[in-house]
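Results of the structural survey
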Amino acid sequence: MEIPQSTLDRMAESMADRELLLSPRATRNAEYLRRSGHRPEEPAIRPPFSRDADRIIHSKAYSRYIDKTQVFYLVENDHITHRVLHVQLASKIARTIGRALDLNEDLIEAIALGHDIGHAPYGHLGEEILDGLCREHGIGGFWHNVQSVRFLDSVEDCDLTLQVLDGILCHNGEVHNQSLRVEGEADWDSFAEKQRKIEDGGDALPLTSEGCVVRCADSISYLGRDLADALEVEIIDERDLEEFPENCIDLFGITGKEAFCDINRTVLDVLIKDIITTSYDSDCIAFSDEASASVAAFKDFNMEHIYQSPKLRKNEEKIRVMFRYLFDQILDDIEEEREGSPVYVELINAPWASRRYIDAARPAELTRDFIAGMTDRYFEQVFRQCILPERVQSRYRG
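Now for a description of the structure that goes with this document. Bear in mind that the values here come from a model prediction, so they are computed numbers and not experimental data. (Residues numbered from 1 in each chain as written. Predicted model: local features only at pLDDT ≥ 70, side-chain atom pairs only at ≥ 80, totals over all residues. Heavy atoms only, no water.)

1. Considering the overall build of the chain
Regarding its fold elements, the chain presents 19 helices and two strands. Here the C-alpha radius of gyration of the chain, 22 Å, is about what a compact globule of 398 residues would show, namely 21 Å. Principal-axis analysis of the C-alpha atoms gives the chain an extent of 70 × 65 × 40 Å. Here the chain holds 398 residues, and the buried ones make up 53% of them. Once local pairs closer than 6 in sequence are excluded, the contacts in the chain between residues at least 24 apart make up 75%. Surface accessibility of the chain: about 19,000 Å² in total, with carbon and sulfur atoms responsible for 49%. Across the chain, the centroid of the 46 positively charged side chains sits 4 Å from that of the 75 negatively charged ones. (Helix = DSSP H or I, 4+ residues; strand = E, 2+ residues; numbered from the N terminus. Rg over C-alpha atoms; globule rule 2.2 N^0.38 Å. Buried < 20%, exposed > 50% of the residue type's maximum accessible area, 1.4 Å probe, protein only. Contact = heavy atoms within 4.5 Å. Areas by Shrake-Rupley, 256 points an atom, 1.4 Å probe, with all protein chains shown as cover. Lys, Arg positive; Asp, Glu negative; His and termini not counted. Charge placed at Lys NZ, Arg CZ, Asp CG, Glu CD.)

Below, the structure is given as structure tokens:
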């Protein structure tokens, strides 16, 4: 049914009134920029950045978050964080900060929900392995933030706004910045230049304050959560906690080993309030000196005791073999045009994949994108299909 024009007019007035309450550094809905604009807008019902969040949620790539590793791969434990939960946590944290700073929450939500869509199976190990394979095949390195943009902008052609794609591209949870200031111009040439800079091994800061908030919230969302998960699955123990940084113990008020059971709640409370306080009357999104030093030390602790743990990486060589085998097999299937191959069924001939992207991508690029889009479970399933002989069910048929 159609909404009466009088109702639409009143809704538009209400939206305009709400935008008047935003901070001068917030991104206004009227500033949105789409590459093609080939789909109709109904800004009174769904502002452009809210529409982008919907498009991301309904994308095929988003649905695959559900079984992608955050940190702990090959662990059967329903209580640890998977990628789909991480992006929801990052979104909630970023919107809390954004609301306090009078920023555009719709833009924050869209960036946060889409920021990790490009992650490969098996988390950062998978990204590391796929990076090496891509370089071997002459298609450059692999960066999950660039891949997130590729999935949403090219593979599925979601026609997202420049502001959302820029925030996704410029998130970087591995790098710690005490303060972030907006960078770049609101045009597609500036966006392309940022992508080239990242692909050359550099870093780029977001175009919007909302993108800066998401970049900070990404780190806040995983620091305490990863430590809590590591304790849950016993990657670390009390001996590791003895090396937890003193400045973090002071900042988060940790008084004993039992306090680590509530570490995530404490980290969120302290760091969210710190960013709001430090950024409220500032021209940047920033941590205080004390919090910044603690975040840097916390990241170093997690890197040494969790992400590089021999317990976590004990299957690394097997996973490397699996990635190499699948990359070679899928690439061969494309070059030999084996249309029964999963890459044809699930990507090349899939009705949701952009024909413009499929026609332009080289075989190695299609291979990269197919593997990067896999969930951990599907990666293992395709590997088994490739490596194990097919069993006949009861009788030979067809």
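Alright, that's what it looks like, and here's the rest.
2. Some words on the pattern of salt bridges
Scanning all chains against the criterion turns up 23 salt bridges. Put simply, Arg34 and Asp52 hold a salt bridge, and the shortest N to O gap is 2.6 Å. One end of the pair, Arg34, is in the loop between α1 (5–20) and α2 (48–57); the other, Asp52, is in helix α2, with 18 residues separating them in the sequence. One exposure class covers both Arg34 and Asp52, and it is buried. A salt bridge links Asp237 to Arg239; the nearest nitrogen and oxygen atoms lie 3.0 Å apart. (Salt bridge = Lys/Arg side-chain N within 4 Å of Asp/Glu carboxyl O.)

3. Quick look at the nonpolar core
One finds Ile56, Ile97, Leu227, Leu271, Phe298, Leu347 and Ile371 to be the most contacted residues of the largest nonpolar core, which totals 116 residues. Ranked by residue count, the leading element in this core is helix α10 (residues 209–232), at 10 residues. Sequence-distant contacts of Leu347, that is, excluding residues within four places in its chain, are made with Val155, Pro342, Trp352, Ala353, Arg355, Tyr357, Ile358, Leu366 and Phe370. (Core = buried A, V, L, I, M, F, W, Y, C linked by side-chain atoms within 4.5 Å.)

4. Details of the side chain of Asp369
With respect to the element layout, Asp369 can be found in helix α18 (residues 363–372). Its relative accessible area of 2% is what places Asp369 among the buried residues. There is a polar contact of 2.9 Å between the side chain of Asp369 and the side chain of Gln147. Within the structure, the side chain of Asp369 is placed 2.7 Å from the side chain of Arg368, a separation counted as a polar contact. Setting aside residues no more than four positions away along its own chain, Asp369 makes contact with Gln147, Arg150, Phe151, Val155 and Tyr357. (Polar contact = N/O pair within 3.5 Å; in protein donor to acceptor, adjacent residues only side chain to side chain.)

5. With respect to unusual backbone geometry
In this model, Asp157 sits at a positive phi of 50 degrees, which is unusual for a non-glycine residue. Checked against the element boundaries, Asp157 lands in the loop between α7 (144–155) and α8 (162–169).

6. Let's talk about the packing of aromatic side chains
Within this structure, the stated rule accounts for 12 aromatic pairs. Relative to Phe298, the ring of Phe252 lies with its centre 6.1 Å away and its plane at 65 degrees, an arrangement referred to as edge-to-face. Highlighted residues: Phe252 in the loop between α12 (246–251) and α13 (263–279) and Phe298 in helix α14 (residues 289–307), separated in sequence by 46 residues. Both residues of the pair, Phe252 and Phe298, count as buried. Following the ring pairs from residue to residue traces out a cluster consisting of Phe244, Phe252, Phe260, Phe298 and Phe301. Over the ring of Trp188 we find Arg35; its NZ or CZ atom is 4.0 Å from the centre of that ring. Over the ring of Phe151 we find Arg64, and its NZ or CZ is 5.8 Å from the ring centre. (Phe/Tyr/Trp six-rings, centres within 6.5 Å; stacked < 30°, edge-to-face > 60°. Lys NZ or Arg CZ within 6 Å of the ring centre and 35° of its normal.)

7. Side note on the packing of helix α4 (residues 83–100) against α10
Interhelical geometry of α4 versus α10 gives an angle of 125 degrees and a closest axis separation of 8 Å. By the angle between their directions, the pair α4 and α10 is classed as oblique. Note on packing geometry: the crossing formed by α4 with α10 is right-handed. In this structure, α4 uses Leu85, His86, Leu89, Ala90, Ile93, Ala94, Ile97 and Gly98 to contact α10, whose residues at the interface are Val213, Val214, Ala217, Asp218, Ile220, Ser221, Tyr222 and Arg225. (Axes fitted to C-alpha atoms, helices over the stretch in contact; angles between N-to-C directions. Parallel < 35°, antiparallel > 145°, perpendicular 65-115°, else oblique. Left-handed = near helix turned anticlockwise from the far one by under 90°.)

8. Section: the environment of Gly184
Among the secondary structure elements, Gly184 is positioned in the loop between β1 (179–180) and α9 (188–199). Relative accessible area serves as the criterion here: at 41%, Gly184 is assigned to the partly exposed category. In this structure the C-alpha to C-alpha distance between Gly184 and Leu205, which are 21 residues apart in sequence, comes to 7.9 Å. For Gly184, the residues in contact, after removing those within four places along its chain, are Ser190, Lys194 and Leu207.

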